[in-house]
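The residues making up each chain are set out below.
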Amino acid sequence: MCTFRRFLRSSCLFLFISAVQPSPPEDHIKCNAPKNTNCTITNSYGTFPDRTICKAGATEYPTTEEELIGIIAKATKEKRKMKVATRYSHSIPKLVCPDGEDGLLISTKNLDKVLEIDAESSTMTVQSGVTLRQIINEGAKAGLALPYGPYWWGLTIGGMMSTGAHGSSVWGNGSAVHDYVVSLTMVSPGGIEDGYVKVRRLRVDDDDDNSEMNAAKVSLGVLGVISKVSLKMEPLFKRSITYVDKNDSDLGDEAVSFGYKHEFADVSWYPSQHKAVYRIDDRHFSNNSANGLYDSIPFRSTSSLGLALIRTSEESQESLGDAEGKCISARLVTTTLLKSAYGLTNNGIVFTRYPVIGYQNKLQSSGTCLDSHEDALVTACPWDPRIKGEYFHQTTFSIRMSDVKNFIQDVQQLVQLSPKALCVLEQYNGILMRYVKASSAYLGKQEDGIDFDFTYYRSKDPMNPRLYQDMLEEIEQIAVFKYQALPHWGKNRNVAFDGAIRRYKKAGEFLKVKKKYDLSGLFSSEWTDQVLGLKGNVSIIKEGCALEGLCICSEDVHCAPKKGYLCRPGKIYKSARVCSLVTAKKSVD
């Protein structure tokens, strides 16, 4: 029986993974019926990084390209601000927020049709609201596979392109979905002579430099609305997966070469445990009958009661400064995930041995908590904001391969100074390291590298610091400023975006296309202008701003001085400014 103190993201968590269907996610757009006016929008986690809920005057739900064209023409004629919203809205930053309260939201929820599958040319054409799961499943029926993609299948093709979403690989064209797009249709504002709307049908080989396509492939939603996309697929194939855990002493060297040895490799790193778990993942060419399945444990339906107890335990550990409790929980999480093969099964039912071999469509992505019927929230996706469940920050960035070893060694040096500090990450399954490849997209990856994905506790009170907050802030600043890391456009706090546009060699080319497509900035907002370097920066300087990653502290008031957290230099990166606990106070709540 699990004690309350150790009851966290551990083996106890998995006792609450329910076999029944969960309640479906709530619609993140809420409007006054029946005309879909006076709307609010947030992300699927219920909170943007600055804790705002954005407002809009109305929402439209087009079902065809013709309807979409009419909506944009009307809004352009009215000089109305617009933003695109996707079905599940898994981007953490404020990409979907229009300026003011009169803007128009254009949801792609009903642009959800697979339009054509051409087995001969291995292409699939879909509307922009089609989910990754649809692409995977419909492709498999035709004997085709999307070679690479994110691990969560609730993303839409329009959303994946807009934020540069990716899986893990430096093979082929790399792991980013947008680098397998062969054509797309973009609907943007137009002039009077265009009827206030412009429809552009772009192909990879349409012009010598593909400048418009290279801008449109990762657009942050500021060029218009993607109507449809054609993807280059491959014949359906099998994969073979084995997880191997090792000491992390040589991780710096191993990480740099590992991704070039295995096509779908990734690494889960647990720094406080001095452990790294390597996913040896390659195509499998033998004609055996194996039928493996990946059903990621964190993406399954979960008991709301169990989630509430886990969250209560986590809050207690934070308030008591219980680092040892966090480390105990973290070790249980890691052990349980390893023993359960992270959700892999050899036959769709049980895990018996490695390697797990199966078809690409069964192993590349998952998200069964979306397979949902109403059960009055007895079960839910773990992050559903209607229940007391997961509530977290995410910091995700890509570091060029030449700097990966040094960055890993910097983190290891910090762990030597505070051995228990990064248990706060390991409760959320550690640091996920995915491989990314240089892209032709102007706002895509600039060089081959590794994407480091951090997930960690967030307090419900914006003025509450977190246990070992200074360590996480220093790591973030080491990555972003010392190593000039690139942010994941859909997964970060504001700090990661501040000045980031200067790290993109062809940002100027992107801005030229932006001006051509949307001269009046109807698809832009103050926030996207700041991110793109057109209007100030994204830092919000106010009391406690460093606690939420809205600023880098320069004064004590940016931290939580009444609770003993003051603004201080980093431990090894002295240029960092972090919120450190410098008194005997331990209370975080």
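Bear in mind the structure is a predicted one, so any value in this text is a computation, not a measurement. (Residues numbered from 1 in each chain as written. Predicted model: local features only at pLDDT ≥ 70, side-chain atom pairs only at ≥ 80, totals over all residues. Heavy atoms only, no water.)

1. Comments concerning the side chain of Gln364
Tracing the backbone through its elements, the reader meets Gln364 in the loop between helix H9 (360-363) and strand E20 (379-380). Here Leu146 takes part through its backbone oxygen, which lies 3.2 Å from a polar atom of the side chain of Gln364. If sequence neighbours within four positions are ignored, Gln364 has contacts with Ile136, Leu146, Tyr148, Gly149, Pro150, Tyr151 and Arg239. (Helix = DSSP H or I, 4+ residues; strand = E, 2+ residues; numbered from the N terminus. Polar contact = N/O pair within 3.5 Å; in protein donor to acceptor, adjacent residues only side chain to side chain. Contact = heavy atoms within 4.5 Å.)

2. A word on the pattern of salt bridges
Within this structure, the stated rule accounts for 38 salt bridges. For Asp529, the salt bridge identified is with Lys535, shortest N-O distance 4.0 Å. (Salt bridge = Lys/Arg side-chain N within 4 Å of Asp/Glu carboxyl O.)

3. Concerning the confidence of the model for the protein chain
Averaged over all residues, the pLDDT of the protein chain is 94; the fraction at 70 or higher stands at 95%. Note that residues 1-21 has pLDDT below 50 and, in this model, 60 contacts with residues that lie over four places away or in other chains. (pLDDT = per-residue confidence, 0-100.)

4. Notes on helix H7 (residues 304-320)
The end-to-end C-alpha distance of H7 is 24 Å, a good match for the 24 Å that 17 residues give at a rise of 1.5 Å each. Along H7, the residues that are buried comprise Ser304, Gly306, Leu307, Ile310, Arg311, Ser313, Glu314, Glu315, Gln317 and Glu318. N-cap assignment for H7: the residue whose side-chain oxygen lies 3.3 Å from the backbone N of Leu305 is Ser303. (Expected span 1.5 Å × (residues − 1). Buried < 20%, exposed > 50% of the residue type's maximum accessible area, 1.4 Å probe, protein only.)

5. A closer look at the state of the cysteines
Within this structure, the stated rule accounts for 7 disulfides. The partner cysteine of Cys553 in its disulfide is Cys567, sulfur to sulfur 2.1 Å. Note on the Cys553 and Cys567 pair: the S-S dihedral is about 80 degrees, so by sign convention the disulfide is right-handed. Highlighted residues: Cys553 in the loop between helix H14 (526-531) and strand E25 (565-569) and Cys567 in strand E25, separated in sequence by 14 residues. (Disulfide = S-S within 2.5 Å.)

6. Points about helix H8 (residues 323-339)
For H8, with 17 residues, the first-to-last C-alpha span of 24 Å sits near the 24 Å given by 1.5 Å per residue. Where burial is concerned, most of H8 is hidden: 12 out of the 17 residues are buried. Directly beyond the C-terminal end of H8, a positive phi value near 55 degrees is found at Ala341.

7. Thoughts on the packing of H7 against H8
Put simply, H7 and H8 touch, their axes get as near as 8 Å, and they point 145 degrees apart. Two secondary-structure elements touch here, H7 through Glu314, Gln317 and Glu318 and H8 through Gly325, Lys326 and Ser329. Residue composition of the contact of H7 with H8, grouped by class: no nonpolar, 3 polar and 3 charged. (Axes fitted to C-alpha atoms, helices over the stretch in contact; angles between N-to-C directions. Nonpolar A, V, L, I, M, F, W, Y, C, P; charged D, E, K, R; others polar.)

8. Details of the environment of Lys81
Along the chain, Lys81 turns up in the loop between helix H2 (65-77) and strand E4 (82-85). Expressed as a C-alpha distance, the spacing of Lys81 and Ser366, which sit 285 residues apart in the sequence, is 35 Å. Beyond its immediate sequence surroundings of up to four residues, Lys81 is in contact with Asp99, Gly103, Leu104, Gly521, Leu522 and Ser524.

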